Amino acid sequence: MGDVVSSHLDESKREIITARTRDVMREFGETYQQQYAVALFNSVRYEIEGGGAQSQLLHRKDPLVDRSIFSGNLFQYLEENRKWRNRFVFVASSYSISLYESKTAHDRSLHPKVTINCAGYRALKSMEEYMDLVNNSLPGVKARPSSSPFVKCATQFPLILWHPYARHHYFCVMTEKEQTKWHAVLQDCVRHTNNGLSEDCKVLTPAFTDAVRLHRQAKGHYGTWDMMCGGPPQILANLVMETLHPEMRSLIAHRLKGKLQQKQRHWMLISDSLYKQVLRHTRAQYEALVQSCEVQRPALDAGLRTDMDQIIASKDHVQGKMRALVLPRAEQLLLASVKPYVDSILEALMEPTSRGFSEVRDVFSRELVEVSKNTLNGGGKELLGEQMERLSMLAFHPVKMQSCYEEVEQLNLDGLQQRFDVSSPSVFVQRAQILMREQMDNAVYTFEQLLNQSLEGQGDEDLCKTIQKCEDRVLKKYDYDSSTVRKKFFREALLQIIIPYMLKHLSPSCTAELPKFRELIFEDFSRFLLVENVFEEVVLHSVTKDIMMAVKEAAVQRRHNLYRDSMVLTNSDPNLHLLGESPSVDWSTKFSPDDPEGGGEGGAQDEGPRGGLAAAKRRRQVVSMIQLDGVPLAYESCMEVPGVEGIPEEEGEDYGMRCKLGTEEEEDDDDEARMLPRTPKSPDSVHEIRGLINPVVEVEHPEAEEGGTNGAEPVSATVLLEDGSVEEVRSVTTLVEGGDQRRVSPQDMMKRLMGKDRKQEVTDIEQAIQEIDLAVQEGGKDTDLEADSGQTSSKTNEGLNEVGPQPIRNGLTGGDGNAEEVENFGEKVAVQISDVVCEI
């Protein structure tokens, strides 16, 4: 495959790639430097003047600290040898996907085989949907409807990460249930990484987004852009590829040889190499650009704060002059081509978005109902701590939040996309989903702080009432905040749809007259006041009134559950925001019996060379790994999948792929499936080594009349093995097969093994000897002897406990029988004990 890439991307074409990237970055850099000063001016002005509504819910600063999202096993398709291999997948808190050869490799902190940044990808679970996208990658090359994909999936449940430029990644699982949950995890990774521009950067982010928008408008692209995904280097790479990719495709596509599937495979590899080269250039040049702007920031900031009043007055003066030119044309366009569609656009946005936020509220309430139920059932504070630990990460649980996200995915702008040049509704869908997750986390965090405050010095008797009171307070605040967030989202979405449309139609007639307004701006203020930005603000103000009125009228309709603008909650709970300054509650240790002081507000960090390892062990996972019903355990080592029609079982073993994904509510109760014998599959397996270090002796015993439960308990005793050596017994594990599930406890088992009544043991052995002599006299049949020996072994096992930590053979000297017969009987008993080793 490397030969294919190198032959088509030779040195001359790589020089073309470098030159095109350099040209785009030079043009973007000039725009970015201008917008950086404007963004700094707006940031300082906002800081001085203030503004913005205060939210009712608390906001968690770093919700995913010491957390990982998920880890499990998947089958991955390898392009190099066209085979499927099992990989251990680890999703970190950054939502990057790391693939390891095995879980052992991850635990040893080895480098992953592959690390995937999901920005710009689409998570697919249908090979047909994937082939529709692939068949459009090479224009002019028609694919037959019956053509098969170049990747043959090993199972019926594929998972594919598709990117328009970068390499595609192919995975598969064994069941539909696993596929659904893995798809939710992959979608969450895409959703999070697409949102790569931090809103906390009040200067860099606005400067970057405005520069990208103005750069695309200069090329004639005014509509929304669905490749505004990831961090700045990735977005800039997408900006370069927007024009470079079609150019290189026209140069290379007709030179590709082979069948359709081979051409598609080769073009995907070439496109990936092209994208990587562009990304390297954009990353290096963007970092240099930001560094040059940041060097100038202190001087710009000082000048802004000194002349802020004069700059604002100058801007207002220019806006007044420009408004007289632009408003008549804008109002005419607005009345004829925009107003008739505002209501329909708003309705298309509000219906699925409101249902999604309502589902967030319902999911939050259902989780608290489960907490209350377990509290009523006598769980106490220890169980409450476990449940609150899971609840704290509810907003970042892709499976539990999937029902909320699916409501917004029904957003449809058919009939409006072409008119207003909206490339895809995915821009608004993902933004709404991010807001939903933020509101869910704010609600959960507020509930945690309120509950933690209410539980101080309180017993277990009023837990349910306390939970209910905290829930009611949080839901009221959530209703207000979700209404505020949705109205802001609707306004921004309408502006994002309408403003580019108006600029596209007003720019040809107004752009030529803009230079004369530069004469009205003082030279000292010219870096902070750009006529292009002032023009856009005038157009924005012309349509803002109508948009505000439309959203206000929609708030009157109760079906959308929006508060009216006159409903303003200020300082409704002044003491609550003081709790926001407290550290997050560590519920895993707050009510732990090992923490008598009831801590949990965060402990000291480990120091020393092993601090990093300890921190890694403390890292908790948002999505738990569970076993799916009827599916055996996953392999830890890298296994090659034999064939593409399915993954057959290996001879002599219950074989299957297990992807340990799921939620806390789903547990596999099939003990027999867990107890299936397994043999090591690679040198990484340690089962045999553990067996050599800690040998297990299994003893069968009859069912006891008293009840008991399966489990292991520590003991301290010794037992004589078949070879005459004495081994220390550290624990006894009790298991029951069939019957009425009644069994003896580990303590009773040890009494049977190492009893204290020596006389009883002697009596039992004498009786067994007499029975054997009687059987020999009656015919010496082997079958009878085996049956009696089995009974003798059982009786002997019951009496072995009476000797204490002494060898078993010592108990045989107290009998009156023949010494040689007793010795022979002891050897037979030892053989019988070794025969029952494999039963537990």
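Residues numbered from 1 in each chain as written. Predicted model: local features only at pLDDT ≥ 70, side-chain atom pairs only at ≥ 80, totals over all residues. Heavy atoms only, no water.

## A short note on the overall build of the protein chain
Rules: Elements are defined by DSSP. Helices are runs of H or I of four residues or more, strands are runs of E of two residues or more, and each kind is numbered from the N terminus. Each residue is assigned to one of three classes by its accessible area relative to the maximum for its type, calculated with a 1.4 Å probe on protein chains only: buried under 20%, partly exposed between the two thresholds, exposed over 50%. Contact criterion: two residues are considered in contact whenever any of their non-hydrogen atoms come within 4.5 Å of each other. Per-residue accessibility takes into account occlusion by the displayed protein chains alone, with areas from the Shrake-Rupley method and a 1.4 Å probe.
Counting its secondary structure elements, the protein chain contains 22 helices and 10 strands. For the protein chain, with 840 residues in total, the buried portion stands at 47%. In the protein chain, the share of contacts with a sequence separation of at least 24, taken over all contacts with a separation of at least 6, comes to 78%. Carbon and sulfur atoms provide 49% of the accessible area of the protein chain, an area that totals close to 42,800 Å².

## Re helix 13 (residues 531-556)
Where we set the bar: Each residue after the first adds 1.5 Å to the expected span of a helix. Given a residue, its bend is the angle between the two axes fitted to the seven residues that end at it and to the seven that start from it.
Relative to the 38 Å expected for 26 residues at 1.5 Å per residue, helix 13 spans 38 Å between its end C-alpha atoms, a close match to the ideal helical length. Maximum bend of helix 13: about 35°, positioned at Val543.

## Considerations on the packing of aromatic side chains
Selection rule: Side-chain rings of Phe, Tyr and Trp (the six-membered ring for Trp) are treated as a pair once their centres are within 6.5 Å; stacked means planes under 30 degrees apart, edge-to-face means over 60, and tilted covers the remaining angles.
By the definition in use, this model includes 15 aromatic pairs. When the centroid spacing of 5.7 Å and the interplanar angle of 70° are considered together, the rings of Phe28 and Phe208 count as edge-to-face. One end of the pair, Phe28, is in helix 2 (residues 11-49); the other, Phe208, is in helix 6 (residues 204-218), and 180 residues separate them in sequence. Each residue in the set Phe28, Tyr32, Tyr36, Phe208 and Tyr286 is aromatic and connected to the rest through ring pairs, giving one cluster.

## Some points on the pattern of salt bridges
Applied cut-off: Salt bridges, as used here, are contacts in which a Lys or Arg side-chain nitrogen is within 4 Å of a carboxyl oxygen on Asp or Glu.
A complete count under the given rule lists 33 salt bridges for this structure. Of the charged contacts in the structure, one is a salt bridge between Arg213 and Asp210, with a shortest N-O distance of 3.1 Å. Residue Arg213 and its partner Asp210 are both found in helix 6; the two are separated by three residues, about one turn of the helix. For Arg213, a relative accessible area of 28% translates into the label partly exposed. Overall, the relative accessible area of 23% leaves Asp210 in the partly exposed class. One connected set of salt bridges, linked through shared partners, spans Glu80, Arg167, Asp272 and Lys276.

## Remarks on the nonpolar core
As a reminder of what qualifies: Residues belong to one nonpolar core when they are buried, are Ala, Val, Leu, Ile, Met, Phe, Trp, Tyr or Cys, and are joined through side-chain atoms within 4.5 Å.
Judged by nonpolar contacts, the single largest core of 163 residues is most densely connected at Tyr32, Ile97, Leu161, Met322, Phe447 and Met502. Per-element tally for this core: the top contributor is helix 8 (residues 260-376), with 36 residues. Among all residues touching Tyr32, those that are not within four sequence positions of it are Leu204, Ala207, Phe208, Ala211, Tyr286, Leu289, Val290 and Cys293. Residues Phe75, Trp84, Tyr130 and Cys172 belong to the second largest nonpolar core, which totals 18 residues.

## Re the confidence of the model for the protein chain
Note the threshold: Across the chain, each position has a pLDDT score giving the predictor's confidence in that residue, from 0 to 100.
For the protein chain, mean pLDDT is 76; residues scoring 70 or higher make up 65% of the total. Low pLDDT, under 50, characterises residues 595-618; the predicted model gives this stretch 22 contacts beyond four residues in sequence or across chains.

## Topic: the packing of helix 7 (residues 232-252) against helix 8
For the record, the criterion: In this description, a line fitted to the C-alpha atoms serves as the axis of each element, helices being fitted only across the stretch in contact, and the angle between N-to-C directions of two axes falls anywhere from 0 to 180 degrees. Here roughly perpendicular refers to angles of 65 to 115 degrees, roughly parallel to angles under 35, roughly antiparallel to angles over 145, and oblique to all remaining angles. Crossings are assigned a handedness: left-handed for a near helix turned anticlockwise from the far helix by less than a right angle, right-handed for a clockwise turn. Polar here means any residue other than Ala, Val, Leu, Ile, Met, Phe, Trp, Tyr, Cys and Pro, which are nonpolar, and Asp, Glu, Lys and Arg, which are charged; Gly is therefore polar.
The geometry of helix 7 relative to helix 8 is characterised by a closest axis approach of 9 Å and an angle of 140° between their N-to-C directions. In this view, helix 7 runs oblique relative to helix 8, as classed from their interaxial angle. Where helix 7 crosses over helix 8, the handedness of that crossing is right-handed. For the contact of helix 7 with helix 8, the residue count by class is 16 nonpolar, five polar and two charged.

## Structural notes on the pairing of strand 6 (residues 157-162)
Consecutive side chains of a regular strand alternate in pointing toward one face of the sheet and then the other. Using the following cut-off: Two strands qualify as a pair provided DSSP detects at least 2 bridges between them.
Burial analysis of strand 6 places six of its six residues in the buried class, the great majority of the element. Pairing geometry for strand 5 (residues 122-124) and strand 6, over three bridges, is antiparallel. Bridge pairing in strand 6 places Arg122 opposite Trp162. Bridge analysis of strand 6 against strand 7 (residues 169-173) gives five bridges, and the strand direction is antiparallel. Its bridge partner lying in strand 7, Phe157 is registered against Val173. Remark: six residues form the turn of the hairpin made by strand 6 and strand 7, two consecutive strands paired antiparallel.

## With respect to the side chain of Ser43
Examined against the element boundaries, Ser43 turns out to sit in helix 2. Accessibility expressed as a relative area gives 18% for Ser43, which makes it buried. Setting aside its immediate chain neighbours within four residues, Ser43 contacts Lys202 and Val203.

## Notes on helix 5 (residues 176-194)
Because each turn of an α-helix spans 3.6 residues, side chains separated by three or four positions end up pointing in the same direction. The end-to-end C-alpha distance of helix 5 is 27 Å, a good match for the 27 Å that 19 residues give at a rise of 1.5 Å each. Burial within helix 5 is extensive, with 15 of its 19 residues counted as buried.

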